Amino acid sequence: MSGVETFLDDSPGEVRGMVVRNGRFERLIIQRESDAPQRRLGARSVGRIAAVDAGLKGAFVDVGAPEPFGFLPLRKSDRVAVGAKVEVEVSAEPREHKGPTLRLIGAGEGEARLLNPGPTVTETLARLAPGVEPRTGAAAIRAALEAEEEALAPGALFAHLGVRLAVERTRALVAVDIDYAATPGREGRRDKGRANRDALTQVARLIRLKGWGGLVAVDLVGSGHDGAAMLAAARAAFAEEPEAVFGPINRFGVLMLSLPWRTTPAEERLIGPGGRATAEARAIDAVRRLALALAENTAAPHLTVRCPPAIAAAAGALATRLGPRARVKADPALSGGVEIDEG
């Protein structure tokens, strides 16, 4: 696959995989050691029907993981009863305090239990970029940090395209605004079709990187659009998602589409559903940055990451896996970030 790179960062407490295409991040896959494997995308379990909700046309299934239970959409032909055992597969990971969405495989037997934990990060990278050997070490750690920064950003300037994008998620939908950006040598206003086509490619990439789904509203730049051409451009941009559904461009120049949810959104993994990073996430981040410093500075006998006392204990437990050169120190003067010192 020409122009494709992959990175595998196996830091203490968390594994990240990144796919880069033509120099830009396409995917960020995150699996933490604390994750309940029954909730990972593709995991198969035997579960017990805990409740049936006719109004939601589905059932809640206990798969042996902490609540909230998984939700199993039911067809008219499906017949399940409370207490019945079923074999299910995770089709969408948890989000917004909701449990995973499940797909019915068939009847199950025995106690609720995990049958298959689903693909690892390494296996997912191999599926997304077959034949590409992942890079590891310091390069992978840097890629993990850079991908995180872009995944959390609300938008970006693409000067070489002459456009600026705002890509933001609300409870109802993903809102995308495409706007012109003054760029030497390129006047986007003279070719709004090209500007929108290029921008849609970046919109699709950013949504994949962020792990988002649901309803997407794209406010195209300019007016008087060629509807058929813009719809074709949108289909090409989102070609990696065969279940995407596209609507026509409305009279306000807004293109609507719907994407299936599959993974927990990146911002929920990185900073938590409440918008603030959990102590676990902060501890993992501190140790990841310490691991990068150790890889880049092989001469220092010891490197110490100073971090807030609230995360020092958890970071210290993780840092022991980096070897005797790694040290963690609680610093009450630090309230947010971390600092790394020699010795």
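Up top is the structure.
These numbers were taken from a predicted model, which means no experiment stands behind them.

A. Inspection of empty space enclosed by the protein at higher detail. For the structure shown, the criterion picks out one cavity of 30 Å³ or more. Looking at the largest cavity, its volume works out to about 40 Å³. Along the walls of the largest cavity sit Arg-39, Val-61, Asp-62, Val-63, Ala-65, Pro-66, Pro-68, Phe-69, Gly-70 and Pro-100, which together make up its complete lining. Counted by class, the lining of the largest cavity contains seven nonpolar, one polar and two charged residues.

B. A look at the sheet that holds strand β15 (residues 254-259). Read from one edge to the other, the open sheet built from six strands follows the order β10-β11-β12-β13-β15-β14, with strand pairing classed as mixed. On the outer flanks of this sheet lie β10 (155-158) and β14 (245-246), each paired with one strand and no other. Of the pairings in the sheet, the one linking strand β13 (residues 214-219) to β15 comprises six bridges and is antiparallel in character. Bridge pairing in β15 places Asp-219 opposite Val-254.

C. Spatial organisation of the layout of surface pockets. There is about 790 Å³ of room inside the largest pocket. Contributing to the lining of the largest pocket are 29 residues, with Arg-27, Leu-41, Arg-127, Arg-262 and Thr-263 lying nearest its centre. Of all elements in the fold, only β3 (24-32), α1 (121-128), α3 (192-210) and α5 (266-270) reach the threshold of two or more residues within the lining of the largest pocket. In terms of residue count, the dominant contributor to the lining of the largest pocket is β3 (five residues).

D. Quick peek at the environment of Asp-341. Mapped onto the elements of the fold, Asp-341 is located in strand β18 (residues 339-342). Taking the relative accessible area as the measure of exposure, Asp-341 reaches 30% and is therefore partly exposed. Along the primary structure Asp-341 and Trp-261 are separated by 80 residues, whereas in three dimensions their C-alpha atoms are 42 Å apart. Leave out the neighbours within four places in its chain, and Asp-341 touches His-302, Leu-303, Thr-304 and Arg-306. There is a polar contact of 2.5 Å between the side chain of Asp-341 and the side chain of Arg-306.

E. Seen up close, the sheet that holds strand β1 (residues 4-11). In space, the three strands of this open sheet follow the order β1-β2-β3, with antiparallel pairing throughout. Two strands lie at the open edges of the sheet, namely β1 and β3, each paired on one side alone. Recorded for the sheet is a direction-independent mean angle of 15° between the axes of neighbouring strands. Contacting β1, β2 (14-21) and β3, α1 crosses the sheet at an angle of about 10° to β2.

F. Fine view of the packing of helix α2 (residues 137-152) against helix α6 (residues 279-296). Orientation of α2 relative to α6, taken along the N-to-C sense of each, is 140°, at an axis distance of 9 Å. The angle between α2 and α6 falls in the class oblique. Both α2 and α6 take part in a crossing whose hand is left-handed. Mapping the contact onto sequence places Ala-138, Ile-141, Arg-142, Ala-144, Leu-145 and Glu-148 in α2 and Asp-285, Arg-288, Arg-289, Ala-291, Leu-292, Ala-295 and Glu-296 in α6. Here the contact of α2 with α6 is composed, by residue class, of seven nonpolar, no polar and six charged.

Basis of the calculations
- Throughout this description, residue numbers start from 1 for each chain and increase along the sequence as written.
- Note on the predicted model: pLDDT of at least 70 is required for a residue's local features to be given, and 80 or more for side-chain atom pairs to be given and counted; whole-chain, interface and lining totals, by contrast, use all residues.
- Side-chain numbers here rest on the full set of heavy atoms in the structure, without hydrogens or water.
- Lining residues are defined by having an atom within 4 Å of a point belonging to a cavity or pocket. Those points lie on a 1 Å grid over the protein atoms alone, cavities being sets where a 1.4 Å probe fits but cannot get out and pockets being open sets with protein on both sides within 12 Å along at least five of seven lines.
- Grid points are joined across faces, edges and corners, and a volume is the space filled by probe spheres set on the points.
- The nonpolar class holds Ala, Val, Leu, Ile, Met, Phe, Trp, Tyr, Cys and Pro. Asp, Glu, Lys and Arg form the charged class, and all remaining residues, Gly among them, are polar.
- Here a strand pair is declared whenever DSSP counts at least two bridges between the two strands.
- Helix and strand assignments come from DSSP, with helices taken as H or I runs of at least 4 residues and strands as E runs of at least 2, each series counted from the N terminus.
- Partly exposed residues are those whose accessible area sits between 20% and 50% of the maximum for their type, while under 20% is buried and over 50% is exposed, using a 1.4 Å probe and protein chains only.
- Note on contacts: a residue pair qualifies if any of its non-hydrogen atoms lie within 4.5 Å across the two residues.
- Whenever two N or O atoms come within 3.5 Å, that pair is a polar contact, provided that in protein one can donate a hydrogen and the other can accept it, and provided that, for residues adjacent in sequence, both atoms are side-chain atoms.
- Lines are fitted to the C-alpha atoms to define the axes, a helix being fitted only along its stretch in contact, and any angle between axes, read from their N-to-C directions, falls within 0 to 180 degrees.
- Angular relationships are summarised with four words: roughly parallel below 35 degrees, roughly antiparallel beyond 145, roughly perpendicular across 65 to 115, and oblique for the angles in between.
- Each helix crossing is assigned a hand: it is left-handed if the near helix lies turned anticlockwise from the far helix by less than a right angle, otherwise right-handed if that turn is clockwise.

Everything listed is a geometric property; what it means functionally is a separate question.
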